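Analysis of the macromolecular model
Listed below are the residues making up each chain.
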Amino acid sequence: AGIDYTLILQNGSLYSAGYNRYGQLGNGTFQNSSSFTPVESEVAAISGYYFHSMIIKGNGSLYGTGSNEFGQLGIGLPLDNRASFVSVMKDVASVSAGHLHTMIIKKDGTLWATGYNGSGRLGIGAHDEVDKPELVKF
């Protein structure tokens, strides 16, 4: 669940409902939805927080939708909000949408971060926002 919206994953199908000003429902619009509607298929994992949503498809491809003001979708410039899911990267094992940022674990075990980096929350050794996933080094 995000801020005033909900994502449901059932048998590989993604459904969404609620607040959609930033496109976080991924239904191709910026209109709120008061009932669950199907959005994507072949989805293996979901994560939504604040005003962006991330999904991993069954083949390990990562997609994002919604607010991209700080690059939290990881799709580069421009930092426009997206109303439909857009491709981010491949070979992803896990994703966590955070407050204005996203953390990604790839199948090779590496950690990647994108978005707002206030207080150094991305762990990349700098305080600048990043608009594409950046490798976190330990």
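Relevant structure appears above.
Residues numbered from 1 in each chain as written. Predicted model: local features only at pLDDT ≥ 70, side-chain atom pairs only at ≥ 80, totals over all residues. Heavy atoms only, no water.

Here we come to the sheet that holds strand β6 (residues 62-66). Taken together, the four strands give an open sheet; going across it, the order is β4-β5-β6-β7, and neighbouring strands pair in antiparallel fashion. Both edges of this open sheet fall to β4 (43-49) and β7 (82-89), since each of them pairs with a single strand only. The average undirected angle you get between the axes of adjacent strands in this sheet is 20°. In the sheet, β4 pairs with strand β5 (residues 52-57) via six bridges, with the strands oriented antiparallel. Note on β5: the bridge partner recorded for Ala-45 is Ile-56. (Pairing = 2+ DSSP bridges. Helix = DSSP H or I, 4+ residues; strand = E, 2+ residues; numbered from the N terminus. Axes fitted to C-alpha atoms, helices over the stretch in contact; angles between N-to-C directions.)

With respect to the helices and strands, Gly-48 occurs in strand β4. Residue classification places Gly-48 among the buried positions, given a relative accessible area of 18%. Considering only alpha carbons, one finds Gly-48 and Tyr-22, 26 residues apart in sequence, at a separation of 13 Å. When neighbours within four sequence positions are excluded, Gly-48 is seen to be in contact with Ala-1, Gly-2, Tyr-5, Leu-7, Ser-53 and Ala-97. (Buried < 20%, exposed > 50% of the residue type's maximum accessible area, 1.4 Å probe, protein only. Contact = heavy atoms within 4.5 Å.)

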